[in-house]
Amino acid sequence: MEILVTQVFNGLSGGSVLLLAALGLALTFGQMGVINMAHGEFIMAGAYTAFVVQQVVSSAGVSLLVSLPVAFVVGGVLGVVLEATLLRRMYHRPLDTLLVTWGVSLVLQQLTRDVFGTAGVDVVAPEWLAGPVEVLGFAFPRSRLFILGLAIAAFLALAAGLRFTPLGRRIRATVQNRQLAESSGISTRATDRLTFFIGSGFAGVAGVALTLVGSISPNLGTSYIVDAFLVVVVGGIGQIKGAVIAAFLLGVVQSWIEYTTTASIAKVLVFALIIAFLQVRPQGIYKLRTRSLA
Amino acid sequence: MSTVRARRTALLAVALSTGLFLAACGARVDDASGAAAASCVDTSGSEIKIGFLNSRSGTMAISENTVYDSLEMAAAQINGAGGVLGKQLTIVAEDGASEPTVFAEKAEKLIRDDCVAAVFGGWTSSSRKAMLPVFEGNDALLFYPVQYEGLESSPNIFYTGATTNQQIVPALDYLKEQGVTSLFLVGSDYVFPQTANRIIKAYAEANGIEIKGEEYAPLGYTDFSTIVAKVRDAGADAVFNTLNGDSNVAFFKEYQSLGLTAEAMPVLSVSIAEEEVGGIGASNIAGQLVAWNYYQTIDSPVNKQFVSDFQTLYGADRVTSDPMEAAYTSLFLWKGMVEAAGSFDVAAIQAAADGVSFDAPEGTVTVNGENHHIAKTALIGRISPDGLINTEWSSGAPIEPDPYLTSYPWAEGLAG
């Protein structure tokens with residue numbers, strides 16, 4: 001029983017990390033069909049933003065909270081710059097975007113190395129996130145609970161934004177049928193750019209959250225980009241709720257296999273399971289219903 | 001046409017006679033020596049070329065750039081003091097790019113095209129394993145500065161980091177002395193931790209220490225929630241950590257956030273030095289143990305000079321670490337060997353190497369001519385909240401290198 005609770009929690013907390021990393025990607029990959037390999041570096045930029053903010057705001061508790069919106073903007077601006085300079089020239093050429101953004105990711109990594117040095121940096125976790133909290137005799141790390149909460153909040157905010165705001169409606173319309181949306185008077189160009197801002201902004205937020213669990217080094221992005229893409233593909237392209245289910249599912253499955261075997265075997269088995277799953281359901285958990293032919 | 005043939009004949013003659021000479025001396029038995037003896041190192045001028053081969057890019061750049069810095073400083077100091085045998089050192093630097101195959105290619109280039117007298121560098125065991133045949137095949141010299149898993153020795157490599165009996169075995173002795181009767185092993189899933197843990201398990205069996213669990217994470221792995229939960233539930237007296245790189249950050253953050261402490265369950269790490277503590281965050285790892293042969297805090301005039309020289313050159317916020325010190329030392333040891341041999345010739349250096357010593361920042365080190373490792377003092381350190389490491393225990397005197405652990409009965413069969 002205790003193992004069950006611990007492992008389900010570990011799975012959910014691992015899943016929440018995956019979800020944060022993948023949420024923005026689900027949006028940009030889904031809507032615009034661009035494969036943004038630099039998404040991982042936007043996450044890294046968010047983590048370094050937390051580091052920089054900490055240099056300015058010395059209180060660890062405050063700096064984490066300040067970092068979240070700042071990192072959203074930093075990630076978002078990076079995304080818009082990438083979109084405006086490179087990606088807008090190659091919509092619906094996913095392979096080209098893959099190569100171009102991969103190049104961009106290498107450039108961003110080297111830039112980070114030049115600015116912040118090759119060694120990792122440290123963001124001090126706030127006092128109120130240190131150590132575990134006891135619930136019914138189980139110890140849950142506070143930092144993990146915080147990330148879980150943040151991931152759920154980010155998802156709810158995004159889902160509500162897509163559902164209830166005018167921009168959200170424009171985004172959904174563009175995803176479902178770009179031509180029709182355009183002919184109904186929606187500027188898909190502006191919508192694309194805003195979508196990219198939001199999607200990349202979420203990468204920045206993910207970066208701040210990751211400072212609580214992992215290393216902040218120039219190769220931070222590479223550790224998460226593959227998993228993030230897996231979540232998006234398994235969830236179903238263009239589907240935010242698919243990403244949520246996929247992230248938590250992968251987290252729980254991974255932690256269960258890892259508990260009974262080893263981390264390396266779990267990694268391999270999860271990959272194998274994903275491949276098997278995509279054979280049965282190539283469109284992922286959710287299929288995008290669209291009348292568009294493209 | 002005829003000149004080419006003449007040159008070829010001459011070369012062959014040189015090669016043959018060198019081979020015969022060496023065979024007569026009984027100095028070495030090496031199938032590749034014939035062709036390789038025709039070294040292209042140019043010793044005629046006032047300069048001599050040496051190669052630095054470190055990962056300046058890729059995932060290992062974090063660590064290897066620091067080694068490069070200290071090598072560069074050593075070369076500058078040697079040049080400032082008049083060079084080696086009166087010749088100034090010229091550095092040819094290559095980027096191993098964190099890829100073993102690139103290390104092998106660049107090593108070949110440094111030896112054959114740049115004609116360097118010796119190469120300094122490498123970090124991962126896989127990079128060393130990839131370079132080994134290149135150095136043996138070309139009969140050139142590599143100075144390797146990082147602690148490693150042992151069970152290796154080559155006439156063409158000088159190992160200036162610790163081998164297992166100078167780091168892991170003293171660490172186990174220390175833990176045993178502290179009353180540790182059970183251990184949990186956590187490591188990255190590749191050659192060094194797997195081999196190290198084989199040694200640890202053999203030691204544990206012979207010394208009545210129970211191994212409560214053994215977990216490996218892929219290199220670069222970042223989710224340690226399950227592994228740390230297993231560590232907590234196993235309830236060992238201490239954790240022996242052979243994780244490498246970024247994984248350490250995730251591991252210690254998770255360890256901390258589950259409320260595990262250095263007092264309740266200490267973690268002894270063998271791949272975390274001053275440089276890494278900064279990235280992990282001193283607050284996440286303060287109080288934990290490490291095993292090395294050098295710390296920045298070593299209280300000796302030589303080390304104080306070394307640290308202050310380094311910080312003057314690269315900035316007051318920089319720290320010095322064991323691999324950097326071993327790399328720095330390696331350049332001076334090579335200088336000592338060349339001077340003892342009176343020549344830059346590889347065979348002459350190999351013959352003169354035994355007993356060459358250097359007053360290093362870690363203390364006096366001496367080359368063992370038999371296995372090409374050096375005698376080093378083992379130090380167990382405790383990480384302090386300011387990010388530096390203080391010596392907790394010292395072997396007192398340098399320990400002779402024993403890469404194959406032949407002097408330990410429990411290690412029988414490990415080398416096979």
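Residues numbered from 1 in each chain as written. Chains lettered and ligands numbered in written order. Predicted model: local features only at pLDDT ≥ 70, side-chain atom pairs only at ≥ 80, totals over all residues. Heavy atoms only, no water.

Considerations on the overall build of chain B
The cut-off we apply is this: The secondary structure listing takes helices from DSSP runs of H or I that are at least 4 residues long and strands from runs of E that are at least 2 residues long, numbered from the N terminus. For every residue, the accessible area (1.4 Å probe, protein chains only) is compared with the maximum for its type, and the residue is labelled buried under 20%, exposed over 50%, or partly exposed between those bounds. Contact criterion: two residues are considered in contact whenever any of their non-hydrogen atoms come within 4.5 Å of each other.
Scanning chain B from terminus to terminus reveals 14 helices and 15 strands. Expressed along its principal axes, the backbone C-alpha trace of chain B runs to roughly 80 × 50 × 35 Å. The burial tally for chain B puts 59% of its 416 residues in the buried class. Across chain B, every contact between residues at least 6 apart in sequence was considered, and the portion connecting residues at least 24 apart equals 68%.

Regarding the overall build of chain A
Quick note on the threshold: All radius of gyration figures rest on C-alpha atoms, and the globule criterion is 2.2 Å times the number of residues raised to 0.38. Using a 1.4 Å probe, the Shrake-Rupley method yields the accessible areas, and only the shown protein chains count as cover for residues. Positive charge is attributed to Lys and Arg, negative charge to Asp and Glu, and no charge count is given to His or to the chain ends. By convention, the charge on Lys lies at NZ, on Arg at CZ, on Asp at CG and on Glu at CD.
Scanning chain A from N- to C-terminus turns up 11 helices and two strands. If you list the helices and strands of chain A from N to C, you get α-α-α-α-β-β-α-α-α-α-α-α-α. Radius of gyration (C-alpha) of chain A: 19 Å, near the 19 Å computed for a compact globule of 294 residues. In terms of overall dimensions, chain A has C-alpha extents of about 60 × 45 × 35 Å along its principal axes. Residues counted as buried form 54% of the 294 residues belonging to chain A. In chain A, the share of contacts with a sequence separation of at least 24, taken over all contacts with a separation of at least 6, comes to 77%. Surface exposure of chain A reaches about 12,500 Å², of which carbon and sulfur atoms provide 70%. With 19 positive and 12 negative side-chain charges, chain A shows a separation of 16 Å between the mean positions of the two kinds.

Quick word on the packing of aromatic side chains
Residues and elements named next belong to chain B. Basically, it comes down to this: Note on aromatic pairs: the rings of Phe, Tyr and Trp (six-membered ring only in Trp) are paired at centre separations within 6.5 Å, and the planes decide the class, stacked below 30 degrees, edge-to-face beyond 60, tilted for the rest.
Tallying each qualifying case throughout the model produces 29 aromatic pairs over all chains. Note on Y144 and Y148: the rings are 6.1 Å apart at their centroids and 90° apart in plane angle, and the pair reads as edge-to-face. Each member of the pair, Y144 as well as Y148, carries the same accessibility label: buried. Consider the rings of Y328 and F332, whose centres lie 5.0 Å apart with planes at 50°: the pair is tilted. With Y328 and F332 both in helix α13 (residues 322-341), this residue pair falls four residues apart, about one helical turn. There is no split in this pair, since Y328 and F332 are both buried.

What about the environment of E370(B)?
Here E370(B) is to be found in the loop between β12 (363-367) and β13 (374-375). Separated by 19 residues in the primary sequence, E370(B) and A351(B) have C-alpha atoms spaced 10.0 Å apart.

Observations regarding the nonpolar core
Going by this rule: To qualify as a nonpolar core, a set must consist of buried Ala, Val, Leu, Ile, Met, Phe, Trp, Tyr and Cys residues joined through side-chain atoms within 4.5 Å.
By size, the foremost hydrophobic cluster in this structure holds 97 residues, and its most contacted members are F251(B) and W334(B). Per-element tally for this core: the top contributor is α13(B), with nine residues. Dropping the residues within four chain positions of it, F251(B) is found in contact with V186(B), F224(B), V228(B), V239(B), L243(B) and V267(B). Formed by 81 residues, the second largest nonpolar core is a distinct cluster that contains A21(A), I35(A), F138(A) and A246(A).

Let's talk about the pairing of strand β10 (residues 289-292) of chain B
Residue and element names in this part refer to chain B. Definition in use: A pair of strands is treated as paired once DSSP finds two or more bridges between them.
The two faces of β10 match: L289 and A291 on one face and V290 and W292 on the other face are all buried. Direction of pairing for β10 relative to strand β14 (residues 379-383): antiparallel, over a ladder of four bridges. Note that in β14 the partner of A291 across the bridge is I380.

Concerning the interface of chain A and chain B
The condition that has to hold: Here the buried area means the combined drop in accessible surface, using a 1.4 Å probe, for two parts upon being joined, counting both sides. By convention in these notes, a salt bridge is any Lys or Arg side-chain nitrogen within 4 Å of a carboxyl oxygen on Asp or Glu.
Contacts between the two partners involve 36 residues from chain A, matched on the other side by 39 residues from chain B. Summing the contributions of chain A and of chain B, the shared interface buries around 2,700 Å²; its carbon and sulfur component is 45%. Looking at the side of chain A facing chain B, the largest losses of area belong to T118(A), D122(A) and E258(A), adding up to 17% of the total buried there. Taken together, the connections running from chain A to chain B amount to two salt bridges. Note that D223(B) and R144(A) form a salt bridge whose closest N and O atoms lie 3.4 Å from each other.

As for the sheet that holds strand β9 (residues 267-269) of chain B
Residues and elements named next belong to chain B. Stated formally: Simply put, an axis is a line fit to the C-alpha atoms, just over the touching stretch for a helix, and the angle between two N-to-C directions goes from 0 to 180 degrees.
Read from one edge of the open sheet, seven strands run β7-β6-β8-β9-β10-β14-β15, paired in mixed fashion. Either end of the sheet is taken by a strand with one partner, and the two such strands are β7 (210-217) and β15 (389-394). Across the sheet, the axes of successive neighbouring strands diverge by a mean angle of 25°, strand direction being ignored. Of the strand pairs in this sheet, strand β6 (residues 182-188) and β7 are connected by seven bridges, and their pairing is parallel. Within β7, the residue paired with V186 across the bridge is E215.

A closer look at a positive patch on the surface
Residue and element names in this part refer to chain A. This is how the line gets drawn: To count toward a patch, a residue needs a relative accessible area above 30% and no salt bridge. Like charges then connect within 9 Å, nonpolar side chains (Val, Leu, Ile, Met, Phe, Trp, Tyr) within 5 Å.
On the surface, R163, R169, R172 and K241 cluster together into a positively charged patch. For R169, the position within the fold is in helix α6 (residues 166-176). The exposure class assigned to R169 is partly exposed, which follows from its relative accessible area of 46%.

Notes on the packing of helix α10 (residues 240-260) of chain A against helix α8 (residues 225-234) of chain B
Defined as follows: Should an angle fall under 35 degrees it is called roughly parallel, over 145 degrees roughly antiparallel, and 65 to 115 degrees roughly perpendicular, with every other angle called oblique. Handedness of a crossing follows from how the near helix is turned relative to the far one, being left-handed for an anticlockwise turn of less than a right angle and right-handed for a clockwise one. Three categories are distinguished: nonpolar for Ala, Val, Leu, Ile, Met, Phe, Trp, Tyr, Cys and Pro, charged for Asp, Glu, Lys and Arg, and polar for the others, with Gly belonging to the last.
As a packed pair, α10(A) and α8(B) sit with axes 9 Å apart at the nearest point and diverge in direction by 40°. Taken together, the axes of α10(A) and α8(B) lie oblique to each other. Judged by the sense of rotation from one axis to the other, the crossing of α10(A) with α8(B) is right-handed. Judged by residue contacts, S255(A), E258(A) and Y259(A) of α10(A) engage T226(B), I227(B), K230(B) and D233(B) from α8(B). A class-by-class count of the residues in the contact of α10(A) with α8(B) yields two nonpolar, two polar and three charged.

Quick look at the UniProt feature "transmembrane region" (unreviewed entry) in chain A
Residues and elements named next belong to chain A. Operational definition: UniProt positions are given in the numbering used here, feature names are shortened, and annotations may be inferred rather than shown by experiment.
Summarizing the sequence annotation, UniProt attributes the feature "transmembrane region" (unreviewed entry) to residues 12-30, 68-87, 145-164, 194-216, 228-253 and 259-280 in the numbering used throughout. Annotated as 100% helix and 0% strand, the span residues 12-30 places its first and last C-alpha atoms 24 Å apart. Structurally, residues 194-216 is divided into 74% helix and 0% strand, and its ends, taken at the C-alpha atoms, are 28 Å apart.

Brief notes about unusual backbone geometry
A positive phi angle is found at L136(A), which is not glycine, with a value near 50°. As for its placement among the helices and strands, L136(A) is situated in the loop between β1 (132-135) and β2 (138-141). Phi is positive for L405(B), close to 50°, though the residue is something other than glycine. When you line up the elements, L405(B) lands in the segment after β15. In this structure L405(B) comes out as buried when scored by relative accessible area, which is 1%.

Notes on the packing of helix α1 (residues 2-32) of chain A against α10(A)
Residue and element names in this part refer to chain A. Relative to each other, α1 and α10 sit at 140°, their axes nearing to 7 Å. It follows from the interaxial angle that α1 and α10 lie oblique. With respect to the hand of their crossing, α1 and α10 are arranged in right-handed fashion. Taken together, the residues of the contact of α1 with α10 sort by class into 18 nonpolar, seven polar and no charged.

Considering helix α7 (residues 191-207) of chain B
All names here are of chain B. Here is the rule: The span you would expect from a helix comes to 1.5 Å times its residue count less one.
Between its first and last C-alpha, α7 extends 24 Å over 17 residues, near the 24 Å set by a 1.5 Å rise per residue. Turning to α7, its buried residues are F192, P193, T195, A196, N197, I199, I200, A202, Y203 and A204. One or two steps after α7, the chain reaches G208, where phi turns positive at roughly 65°.

Quick look at the pairing of strand β1 (residues 47-54) of chain B
All names here are of chain B. Summarising burial for β1: six of the eight residues are buried, a large majority. Relative to strand β2 (residues 88-95), β1 runs parallel, the two sharing eight bridges. Along β2, the bridge assignment pairs I48 with L89. Bridge count for β1 against strand β3 (residues 119-121) is three bridges, and the pairing is parallel. When the sheet's bridge partners are listed, G51 is paired in β3 with V119.

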